[in-house]
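Coordinates in review
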Amino acid sequence: MKSRLKVEPTAKRVRTYLGGRKIVDTTRALLVWESPHYPTYYLPLADLERAELKPTGATTHSPSRGEGVVHTVVVDGKEAAGAALTHPDSPIEELREYVRLEWSAMDAWFEEDEEVYVHPRDPYTRVDILPSSRRVRVEVDGVTVADSTRPVILFETGLPPRYYLPKTDVRFDLLEPTDTATQCPYKGTAEYWTVNGRRDLAWSYRTPLPESQRIGGLIAFYNEKVDIYVDEQPQDRPRTPFS
C-alpha cells in the first residue's frame, strides 16, 4: 500500500512575486514532499492577492494527491502559463483549498525577509561547514589539480562531503571558467569551471548566503567525477543525482 504523502505546516511567512507584484503573503503555507529530495510550497487560495487563476483545461493525476487542475496565473496583464495546480477533490483534505505555484515561473520567493532560491529549505536537511587540517588532493585523469591542507568540509544531509579548497591551492592553469550558474537554497549562486578539458567539474560560491559564508571564494570538485584523496587515502566515487 502506498504511504501517505508527507505534508507539514510551516510557521514561516512566505511571499511570492510575479510581474513585480506580490501575489501571495501567508503564514499558513504547507510543505509538501512531492519527491523525496525536497519539499514544495502549497499556498492557501484565500491568501492569493491580485492574481487570477484561469483553468487551462489541462489536468494531472497523482496517486497520492488525486486529480489536479492546471491554471494560468494572471496579474496585471502578466501571465505565467500553466504555473498553478490545485487539487479541489484531493484525498488529502489539507490540499483542497491550496495551490501549488511553479517555483521557476515566479519572479521571486521569500521566507520571512530573505529571498529563497530553487525550492523551499527542507527542515530536515542540515548543512555543517567545518574547517579542517586534513590533506585533500584532487586528481583529474591522473593529473593533480588541487592539493591543500586547509580544506573547509561541507557536510549536507543526503550528499557526500564536499571539500572546498583555497584558490591558491588549485592549479588554475588547468581551469577555464564557463557560463554555467546554478542556485542552491542553502548556499546561493555558484559559478563553474572546466577542469583539464572536462566541463563544469569545479564550482565556487563567490558570495554565498549568510549561513554558508565559510565557503565563500573556495573551490570544490565533484566527488562523483574526480579522484579525491584525503590524507592520501582514496575516496570512493559516490552515486548521487550529480553522477
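Basis of the calculations
Residues numbered from 1 in each chain as written. Predicted model: local features only at pLDDT ≥ 70, side-chain atom pairs only at ≥ 80, totals over all residues. Heavy atoms only, no water. Pairing = 2+ DSSP bridges. Helix = DSSP H or I, 4+ residues; strand = E, 2+ residues; numbered from the N terminus. Salt bridge = Lys/Arg side-chain N within 4 Å of Asp/Glu carboxyl O. Buried < 20%, exposed > 50% of the residue type's maximum accessible area, 1.4 Å probe, protein only.

To summarise the sheet geometry, strands pair through backbone hydrogen bonds and adopt either a parallel or an antiparallel arrangement. The sheet built from 4 strands is open, its strands ordered S14-S13-S21-S22 with antiparallel pairing. The strands lining the two open edges of the sheet, one partner per strand, are strand S14 (143-148) and strand S22 (233-234). Sheet topology places strand S13 (residues 136-140) next to strand S21 (residues 227-230); 4 bridges connect them, and they run antiparallel. The residue bridging Val-138 from the neighbouring strand is Ile-228, located in S21.

The antiparallel open sheet is built from 4 strands, whose spatial order is S17-S18-S19-S20. Lying at the two open borders of the sheet, with one neighbouring strand each, are strand S17 (175-184) and strand S20 (220-221). Both S17 and strand S18 (residues 188-195) contribute to a ladder of 7 bridges, which runs antiparallel. Bridge pairing in S18 links Thr-182 to Ala-190.

As a further point, take the pattern of salt bridges. With the rule as written, the count across this model stands at 27 salt bridges. Salt-bridge contacts for Asp-147 lead to Arg-135; the nearest nitrogen and oxygen are separated by 2.6 Å. Linking Asp-147 in strand S14 with Arg-135 in the loop between strand S12 (127-131) and S13, this pair joins segments that are 12 residues apart in sequence. Taking relative accessible area as the criterion, Arg-135 reaches 31% and is therefore assigned partly exposed. Its salt-bridge partner being Glu-156, residue Lys-187 comes within 2.7 Å of it at the nearest N-O pair. One end of the pair, Lys-187, is in the loop between S17 and S18; the other, Glu-156, is in strand S15 (residues 152-156), and 31 residues separate them in sequence. Looking at Lys-187, the relative accessible area reads 6%, which means it is buried. The buried category is assigned to Glu-156, whose relative accessible area is 12%.

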